[in-house]
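# Structural characterization, general
Each chain, written out:
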Amino acid sequence: MINIHDKTNCQRFNNSQNYQHMKLILSLFFVLLFLGASAQYDVKTVAESSDYTSTSTYKDVMRFISVLEDSPLMRVDTFAVTAEGKKLPLLILADPLPAGPSGLKDDGRIVVYIQANIHAGEVEGKAAVQMLARDILNNEYPGLLDDVILLLVPILNADGNDKIDVRHRTNQNGPVNGVGVRYNGQHLDLNRDALKLETPEIRGVVTNILNVWDPAVTVDCHTTNGSYHEEPVTFTWMMNPNGDRALINYMRDEMMPEVSKTLQNKYKVDNVFYGEFLDRMQMEKGWTMYASEPRFLVNYVGIRNRLAILNENYVYADFQTRVNGSYHLLVSIVEYAAAHGKEIKKMLEKADKLTVSRGLDPAVTDSFAIAYKGVPTPEPITIKAYETDTIPGAAGYWRYKRSDRKRTVTVPYFADYIPTKSVKFPYAYLITVPDEKVLEALKEHGVQVEHLAGDVTLEVEGFEFDEIKPAPRLFQGHYLNRITGHAVPGTKEFRKNTVVIRTAQPLGNVIAYLLEPLSDDGMLKWNFFDRYLVPQWGRGYYPYPVYKVLEKTRIPTE
């Protein structure tokens, strides 16, 4: 018992009270500080707030971003403006934020780029990317930004997104209040534009993200349309054979299997590598990833010597399950990149050096694949499938329906693409027509363009046409050229200011893809050179106005 009439005891009592009071205040201060740092942003996506019955409009996404924008760990840039005038946001998350991409050369962190809603009817990635930004800023993944600079585009196809209607993608299991459309404001598919760069959205991705930030890992979020199975998440990697084989094998054998295990074991999400059955009625024939051309953004990133992942969420899973699966796949990928950043950066640097070295003095064995085929990967794939029934009288895609009969199968995975026909990889290309559209596209890709300093005579390989036929059906606003012809070696004089594109560049694979006459996705195929190919009167064809210097040669340029 304290005697309150004893002055000494009263002083001690008061000091004790003050001390305890101060401790309480400090404790509350640090609790509030922690809560402010770790749960600062109490904002939900439209998917979450609607109980997964609706998806967000462009304005909804921008409102969501505006709530996060005061974070010292995030900056928002505009990387493109759509045909309908919408500014597309690029979210940059880092701790600390870099002043800009110019300072990344000496930054040990790995840059990861994730984009969603390239097809605006495929909407779960849009919600997952927004949620990922919020949760990282709310410190739900402590330390993740120590090793990663994260670039996020939650809504790439903003014009298509806002054409929400319940009549779109009616085979898709939600959201019930409708989704947008596949095409952009120009009626073009953004995921067929990576080489021709005709859309402001993909031009922005290439010129303001890939060229500027040079992400080591890119992820592109989609929803499937194909075979029936139980796994709600599927994904795969870049696989065009004109990319660096060591990088493709690393994705196939190391990164993707590890991400799959993390997604399954840590986050409890069933998943399988993306593909479709070669024959739905005979599943044992195999599972295939068929989209190997670099018109698809993931494969385009691959021929740039960078890692890329295609996320395809299962269309028949409910919307909430798809969002949850996509979200945890993204987390798994970022966690892997953070843990293996130094390893990945060393591989990419090596790939770039090999590409430049090849262009400096191409060997006889250096080649470019103009035709290729898919073969099974070393390991087969196991799929929790549903057997398929056919609908009498129905035709095409819609003749199939899922049965209730489950069947787990282990089958070959046709996802390794190997050349079946190749041409010699050159030292340089010379373009004899100074076409503004051609030169603009090359520069937008990041290709270094030079011009002859004076007239010069060179040993080159030309290309003469046997036949040029347009495809019988329009595709993305083009009648794609069907070319047959033959190489013609010889000596040719080139005039001053002729365009010179050397292949000793990190983008050497992209250069060859764009300029080879028999490339399956090049400028000739996409009609860039059409006006220069035939005379106004008479029969026959002009030579292809791009020439190859095959051997190392002195070419004076300015």
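We now turn to the structure provided with this report.

Reading the values: rules and limits
Residues numbered from 1 in each chain as written. Predicted model: local features only at pLDDT ≥ 70, side-chain atom pairs only at ≥ 80, totals over all residues. Heavy atoms only, no water. Helix = DSSP H or I, 4+ residues; strand = E, 2+ residues; numbered from the N terminus. Buried < 20%, exposed > 50% of the residue type's maximum accessible area, 1.4 Å probe, protein only. Contact = heavy atoms within 4.5 Å. Areas by Shrake-Rupley, 256 points an atom, 1.4 Å probe, with all protein chains shown as cover. Lys, Arg positive; Asp, Glu negative; His and termini not counted. Charge placed at Lys NZ, Arg CZ, Asp CG, Glu CD. Pairing = 2+ DSSP bridges. Core = buried A, V, L, I, M, F, W, Y, C linked by side-chain atoms within 4.5 Å. Salt bridge = Lys/Arg side-chain N within 4 Å of Asp/Glu carboxyl O. Polar contact = N/O pair within 3.5 Å; in protein donor to acceptor, adjacent residues only side chain to side chain. Axes fitted to C-alpha atoms, helices over the stretch in contact; angles between N-to-C directions. Phe/Tyr/Trp six-rings, centres within 6.5 Å; stacked < 30°, edge-to-face > 60°. Lys NZ or Arg CZ within 6 Å of the ring centre and 35° of its normal.

For the protein, the helix and strand inventory stands at 12 helices and 20 strands. Over its C-alpha atoms, taken along the principal directions, the protein stretches across nearly 120 × 65 × 45 Å. Here the protein holds 558 residues, and the buried ones make up 55% of them. Excluding contacts between residues fewer than 6 apart, the proportion of contacts in the protein whose partners are at least 24 apart in sequence is 78%. Within the structure as shown, the protein displays about 24,900 Å² of accessible surface, and the carbon and sulfur contribution to it stands at 51%. Positive and negative side-chain charges of the protein, numbering 62 and 69 respectively, have mean locations separated by a distance of 1 Å.

Let us look at the sheet that holds strand S14 (residues 413–424). Across the sheet, which stays open at both edges, the 4 strands sit in the order S8-S9-S14-S11 with mixed pairing between neighbours. The outermost strands of the open sheet, each flanked by one partner alone, are strand S8 (276–277) and strand S11 (367–376). By the bridge criterion, 9 bridges tie S11 to S14 in an arrangement that is antiparallel. Bridge pairing in S14 places Ser-367 opposite Lys-424.

All right, on to the nonpolar core then. Core analysis: the largest hydrophobic core is formed by 153 residues, its most contacted members being Ile-114, Met-255 and Phe-529. With 11 residues, the top contributor of residues to this core is helix H9 (residues 319–339). Excluding anything up to four places from it in sequence, Ile-114 contacts Val-129, Leu-132, Leu-150, Leu-151, Leu-152, Val-153, Val-219, Cys-221, Leu-330 and Val-334. In this structure, Tyr-427, Val-456, Tyr-547 and Ile-555 belong to the second largest nonpolar core, which totals 12 residues.

Our next topic: the pattern of salt bridges. Using the criterion set out here, one finds 36 salt bridges in the structure. With a closest N to O distance of 3.9 Å, Asp-404 and Arg-402 form a salt bridge. Since its relative accessible area comes to 69%, Asp-404 is described here as exposed. Under the relative-accessibility criterion, Arg-402 is labelled partly exposed at 38%. A salt bridge links Asp-455 to Arg-495; the nearest nitrogen and oxygen atoms lie 3.5 Å apart. Of this pair, Asp-455 sits in the loop between strand S16 (450–451) and strand S17 (456–470) while Arg-495 sits in the loop between strand S18 (481–494) and strand S19 (499–502), and the two are 40 residues apart along the sequence. Residue class for Asp-455 comes out partly exposed when judged on its relative accessible area of 47%. Overall, the relative accessible area of 54% leaves Arg-495 in the exposed class. Through salt bridges that share partners, Glu-122, Arg-169, Arg-182, Asp-189 and Arg-192 make up one connected network.

Right, let's get into helix H11 (residues 436–445). Among all positions of H11, only Val-438, Leu-439, Ala-441, Leu-442, Glu-444 and His-445 are buried. For H11, the secondary structure elements touched by its buried residues are helix H6 (200–213), helix H8 (297–303), strand S15 (428–431), S19 and helix H12 (508–515). Of the residues flanking the start of H11, the one acting as N-cap is Asp-435, its side-chain oxygen 3.0 Å from the backbone nitrogen of Lys-437. Looking one or two places after H11, you find Gly-446, whose phi comes out positive at around 100 degrees.

As summarised here, the arrangement of the 8 strands in space is S1-S2-S4-S3-S5-S10-S6-S7, forming an open sheet in which the pairing is mixed. Two strands lie at the open edges of the sheet, namely strand S1 (74–81) and strand S7 (271–273), each paired on one side alone. For this sheet, the mean inter-axis angle between neighbouring strands, taken without regard to orientation, is 20 degrees. Sheet analysis places strand S2 (residues 87–93) next to strand S4 (residues 148–153), joined by 3 bridges and oriented antiparallel. Bridge assignment links Leu-93 to a residue of S4, and that residue is Leu-150. Here H6 sits on the sheet in contact with S1, S2, strand S3 (110–115), S4 and strand S5 (217–223), set at roughly 135 degrees to S1.

Bringing the packing of aromatic side chains into the picture now. Under the definition given, this model contains 16 aromatic pairs. Taking the centre distance of 6.4 Å and the plane angle of 75 degrees together, the rings of Phe-465 and Tyr-544 count as edge-to-face. On the criterion of sequence distance, the pair formed by Phe-465 in strand S17 and Tyr-544 in the loop between H12 and strand S20 (546–549) is long-range, its members being 79 residues apart. Taken as a pair, Phe-465 and Tyr-544 share a single burial class, namely buried. Centre to centre, the rings of Phe-494 and Tyr-547 are 5.6 Å apart; their planes meet at 75 degrees, and the pair counts as edge-to-face. Separated by 53 residues along the polypeptide, Phe-494 in strand S18 and Tyr-547 in strand S20 bring together distant segments of the chain. Judged by its relative accessible area of 1%, Phe-494 falls in the buried class. With relative accessibility at 11%, the residue Tyr-547 sits in the buried group. Taken together, the aromatic side chains of Phe-463, Phe-465, Phe-529, Tyr-541 and Tyr-544 make up a single cluster linked through ring pairs. Stacked on the ring of Tyr-386, the Lys or Arg Arg-402 has its end atom at 4.1 Å from the ring centre. Over the aromatic face of Phe-528 sits the side chain of Lys-437, whose NZ or CZ is 5.0 Å from the ring centroid.

Cis rather than trans, the peptide bond between Asp-95 and Pro-96 has omega equal to 5 degrees. Inspection of the secondary structure puts Pro-96 in the loop between S2 and S3. With an omega dihedral of 5 degrees, the bond running from Gly-174 to Pro-175 counts as a cis peptide bond. Inspection of the secondary structure puts Pro-175 in the loop between helix H5 (158–161) and H6. The phi dihedral of Asp-214 is positive, around 50 degrees, even though this residue is not glycine. Mapping Asp-214 onto the fold places it in the loop between H6 and S5. Using a relative accessible area of 37% as the deciding quantity, one classes Asp-214 as partly exposed.

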